[in-house]
Amino acid sequence: MNAFLSHGLLGWPLWALIGVWLLTLHLTVVAVSLYLHRDQTHRAVKLHPVVRHLCRFWLWLTTATVTREWVAVHRRHHSTVDHEGDPHSPRLFGLRTVLFGGVGLYRRAAEDSDTLKTYGQGTPDDWLERWVYAGPVNIIGILLLMGLEVLLFGPLGLTLWAVQMMGIPVLAAGVVNGLGHAVGYRNFDTPDLSHNIVPWGLVCGGEELHNNHHAFPGSARFSQRHGEFDIGWFYLRILSALGLAQIERLAATDGQSVSLQDLMAYRAHLMSRYLKEVLRPTWRNVRRDGFRPTRRCRRLFWLSPKLLGESAEDRATLDSVLDSQPVLRTVYDFRVRLGHVWESGAHAAQRLEELREWLSQARTSGVRQLEHFSERVHLLLEQPASQILSEAAGG
Ligand SMILES: [Zn+2]
Ligand SMILES: [Zn+2]
């Protein structure tokens, strides 16, 4: 009896409990990434109904997360990213707040009925969802888990449960939403502050590759470059081989025709190449010729023009730099215009036309790097879209 009270039914030692904690945390993280994020929010993959249901049950049991709320908050994040309305942007709230108070920000957005109505479409709405998973007894799941763990592991089970309850708030709300928009490296010039935190997405289920994800939100795979690994994609491959998942969309490599989707995919690669092949060498050249920008000027020059647009003071500072260096002005303006090609509401074929127009003007811009870039991209456009995409991805 005494042994039961102090160690529960199983009487497992501490190290075994740490194992249980790591395993359950990993399962939760993977359920969030595969089910809530890639399947429900972005429809990049269609999980088998059985897998979907296991994920719903598991997330109810370990996190009390409601699918509709999570999906709505995350879709709102994508549509307003790092601008007014983004529910958890470190740019708006400060990194500390998102890192340590991410759950509060999430709750505030999840309780907003307009957000749920606008962004929560297409999520489960069956009896089980209404009465159990999202219903008035929603927290029964995590209480059940607490009871079960105390029964199995004794008082230590309570500690295990408390640590488990902190898992998703720290990893998803804090690390991905906070660090994913502040720390790491960027493959793509997306109009936001998203970063790939580390190239190996293991701990957060692949969500670490957050800049890749913002560049291709509809892609089931988050890794893009050589040396990057997305463990969520690894599991999806297994599920798909077992007939338990159907991959709906992938970035960049599977484009067969010039659909809008392909063009959007092409855009991220093109912007990234523009930075590497035009902006960076031009910047280096003017520095070599004696141009000495302040830290602030440098930051403003490299910031996505969309993020800059809101501050008149930043704009004026950047303008004074660009006025003093005409060649920088040229490559900067071409960068802004290249961004506009994709943002107009035009039809895909029309965008392609606008891009051709941009290219022909770039070819006579008088800036060597810009002219070379234009020629190379022009050659790409002569090829079928599928080839364009894989070449753009490679180079
Ligand atoms: Zn984000
Ligand atoms: Zn997303």
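For the structure itself, look to the data block above.
A brief structural summary. Small disclaimer: the values here were computed from a predicted structure and weren't measured. Residues take numbers from 1 onward in each chain, read along the sequence in its written order. Chains carry letters and ligands carry numbers; both start at the beginning, A for chains and 1 for ligands, and go up in the order they are written. Thresholds applied to this predicted model are a pLDDT of at least 70 for local features of residues and 80 or more for the giving and counting of side-chain atom pairs; totals over whole chains, interfaces and linings are not thresholded and use all residues. Here the side-chain values reflect all heavy atoms present in the structure, with hydrogen atoms and water set aside.

## Concerning the overall build of the protein
- In terms of regular secondary structure, the protein is built from 20 helices and 4 strands.
- Counting all 395 residues of the protein, 51% fall into the buried class.
- To be clear on the numbers: accessible area is Shrake-Rupley with a 1.4 Å probe, and residue cover counts the displayed protein chains and nothing else. If you sum the accessible surface of the protein, you get close to 18,800 Å²; carbon and sulfur atoms cover 62% of it. Secondary structure elements follow DSSP: runs of H or I no shorter than four residues count as helices, runs of E no shorter than two count as strands, and numbering proceeds from the N terminus. Exposure categories follow from relative accessible area, calculated using a 1.4 Å probe and restricted to protein chains: below 20% of the type maximum is buried, above 50% is exposed, and the middle band is partly exposed.

## Looking at the coordination of the zinc ion (ligand 2)
- Protein coordination of the zinc ion (ligand 2) is provided by H37 (NE2), H42 (NE2), H74 (NE2), H78 (NE2) and H213 (NE2), with donor distances spanning 2.0 to 2.1 Å.
- Sequence positions of the residues that donate to the zinc ion (ligand 2) give the spacing H-x4-H-x31-H-x3-H-x134-H. One end of the pair is H74 and the other is H78, both in helix α4 (residues 67-79) and 4 residues apart, which spans about a single turn. The rule for donors is simple: N, O or S, within 2.8 Å of the metal, or within 3.2 Å if the metal is Na, K or Ca. Water isn't counted, so a site may look like it is missing partners.

## Considering the nonpolar core
- Residues belong to one nonpolar core when they are buried, are Ala, Val, Leu, Ile, Met, Phe, Trp, Tyr or Cys, and are joined through side-chain atoms within 4.5 Å. Formed by 40 residues in total, the largest nonpolar core has its most connected members in L47, L236 and L239.
- Among the elements that take part in this core, helix α2 (residues 14-41) stands out by supplying 8 residues, more than any other.
- When sequence neighbours within four positions are dropped, the list of residues in contact with L236 reads L34, R38, V45, L47, A220, A245 and I247.
- Core analysis: the second largest hydrophobic core is formed by 35 residues, W283, L359, A362 and V377 among them. Here, two residues are considered to be in contact whenever any of their heavy atoms come within 4.5 Å of each other.

## Some details on the coordination of the zinc ion (ligand 1)
- All of the protein donors around the zinc ion (ligand 1) are H77 (NE2), H181 (NE2), H210 (NE2) and H214 (NE2); their distances to the metal are 2.0 to 2.1 Å.
- Working rule for geometry: tetrahedral if four donors all subtend angles between 85 and 135 degrees; square planar for four, octahedral for six, if opposite donors exceed 155 degrees and the others stay between 65 and 115; irregular in every other situation. Seen from the zinc ion (ligand 1), its 4 donor atoms lie at angles of 97 to 148°, and the figure they make is irregular.
- Residue class for H77 comes out buried when judged on its relative accessible area of 0%.

## Here's the deal with α2
- A helix's residues, less one, multiplied by 1.5 Å, set its expected span. Here α2 spans 37 Å end to end across 28 residues, near enough to the 40 Å set by a 1.5 Å rise per residue.
- Looking one or two residues past α2, R43 carries a phi angle of roughly 55°, positive in sign.

## Thoughts on the packing of aromatic side chains
- The criterion for an aromatic pair is that two Phe, Tyr or Trp rings (for Trp, the six-membered ring) have centres within 6.5 Å, with stacked assigned to planes under 30 degrees apart, edge-to-face to planes over 60 apart and tilted to the rest. Taken as a whole and judged by the stated rule, the model has 16 aromatic pairs.
- Centroid distance Y274 to W358: 5.9 Å. Interplanar angle 70°. Geometry classified as edge-to-face. Placement of the pair is Y274 in helix α13 (residues 260-288) and W358 in helix α18 (residues 348-362), with a sequence separation of 84 residues.
- Under the relative-accessibility criterion, Y274 is labelled buried at 0%.
- Ring centres of W283 and W302 lie 6.0 Å apart, and the angle between their planes is 75°; on these two criteria the pair is classed as edge-to-face. Of the two residues, W283 sits in helix α13 while W302 sits in helix α14 (residues 295-302), which places them 19 residues apart along the sequence.

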